[in-house]
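# A structural walkthrough
Listed here are the chains, written in short residue letters.
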Amino acid sequence: MTDSRWARSPRIVEAMRRAAELAERVRGSTSPNPPVGCVILDEAGSVVGTGATRPPGGPHAEVVALREAGSAARGGTAVVTLEPCAHVGRTGSCAVALREAGVARVVHAVDDPNPSAAGGAEELANSGVAVAGGVLAEEVSAGALRGWLRFVRNGRPHVTWKYAASLDGRSAAVDGTSQWISSPESRAEVHRLRAGCDAVLAGTGTVQADDPRLTVRDESGVPLRRQPLRVVLGDRELPAGARVFDDSAETLRLRGRDPGEALRVLAERGVVEVFLEGGPTLAGAFLRAGVIDRVQAFVAPALLGSGRSALGEAGVVSLSQAWRFYFERVTMCGPDVWISAVPMEG
């Protein structure tokens, strides 16, 4: 299987970006399956079908798109963010579905790293379908598939640590007040980020101090229909009336303080993406364990001078031991600076 010029034509690249957008819309609702998007082009290159992976047990993106395309898929091109699966599980093989629909060409962005599902591209090529991979691979890998790829390759959920802080790195003032350091725009963005995850995790200290709900709400404050699993980690006793235990979403109470053990339990439940909203102690523990895969920081234009730091003990005693990240995105969010950073390799 080799790539070719036709697979990188402007029309196919545009279709791949559209497929990536479709995948992003379902991120957080497909786990443990990957959030995948698919666009079907007819022989003339017009879009005749689109689809994204449905919740577990439902059809994959290719099948959804093929159903919409109908007979117009014959002789056309399927553009999909992840290599079509070759195995039969709760649903049938997507490679077989594409072949039986009569598509002439299949373009995917990312090879499937899951050994039980990989091989669809080879199967299609062997049946006479023109196949090309790697189109917008880096862009797609950094999007909706990011967490799932981590989950498959490393056997644990992808962890995003979110925090809001002042310019001098304080997440709360001396008297403990922390609501609200960030702006309404930043808080709305946090809810959108939560919505794309399978679980929101906080420590018992944060629950005691802030009594958060850890739910996802829209801009009007109305809870969304789909809510991530709420996870509370730690040994402190909590009041039965804490809002995190209300009936607005499921809550998992985990004893202990070991990030690795918590992630193991969550992985067994099929949790692919974790949104870490704990305080400085919990954040420090996850950083020391080396399991923070992304940081989403909202820095407010305010100075507190003293108070609680956003990050606690991180195992660093010398500058040479600093945990190094690189900024993958820096933008304004209302009056705040929104920074997305990922660890530097090596």
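Check the entry above for the structure.
In this report, the structure presented in the accompanying data block is examined.

Criteria and cut-off values
- Residues numbered from 1 in each chain as written.
- Predicted model: local features only at pLDDT ≥ 70, side-chain atom pairs only at ≥ 80, totals over all residues.
- Heavy atoms only, no water.
- Buried < 20%, exposed > 50% of the residue type's maximum accessible area, 1.4 Å probe, protein only.
- Helix = DSSP H or I, 4+ residues; strand = E, 2+ residues; numbered from the N terminus.
- Pairing = 2+ DSSP bridges.
- Right-handed = clockwise from strand over helix to strand, strands pointing away.
- Core = buried A, V, L, I, M, F, W, Y, C linked by side-chain atoms within 4.5 Å.
- Contact = heavy atoms within 4.5 Å.

### A short note on the pairing of strand S4 (residues 105-110)
With five of six residues buried, S4 is to be regarded as a mostly interior element. Relative to S4, strand S3 (residues 77-82) runs parallel, the two sharing five bridges. The residue of S4 that forms the bridge with Val 80 is His 108. Where S4 and strand S5 (residues 130-132) come together, three bridges link them in parallel fashion. Opposite Val 107, over in S5, you have Ala 132 as the bridge partner. Between the parallel elements S4 and S5, the chain passes through helix H4 (residues 120-126) in a crossover that is right-handed.

### A closer look at unusual backbone geometry
Here the residue pair Ser 31 and Pro 32 is connected by a cis peptide bond, since its omega of 10° sits within 30 degrees of zero. Assignment of secondary structure puts Pro 32 in the loop between helix H1 (10-26) and strand S1 (37-41). In the Ramachandran plot, Leu 136 falls in the positive-phi region, its phi being about 55° despite a non-glycine side chain. Considering the arrangement of structural elements, one finds Leu 136 in the loop between S5 and helix H5 (137-141). Overall, Leu 136 belongs to the buried group, its relative accessible area being 19%.

### Describing the nonpolar core
One finds Met 16, Ile 40 and Leu 145 to be the most contacted residues of the largest nonpolar core, which totals 45 residues. Per-element tally for this core: the top contributor is H1, with seven residues. Contacts of Leu 145, omitting those with residues within four sequence positions, involve Pro 34, Pro 35, Val 36, Thr 81, Leu 82, Val 110 and Val 140. Counting residues in hydrophobic clusters, the runner-up holds 27 residues, among them Ala 199, Leu 201, Leu 233 and Val 299.

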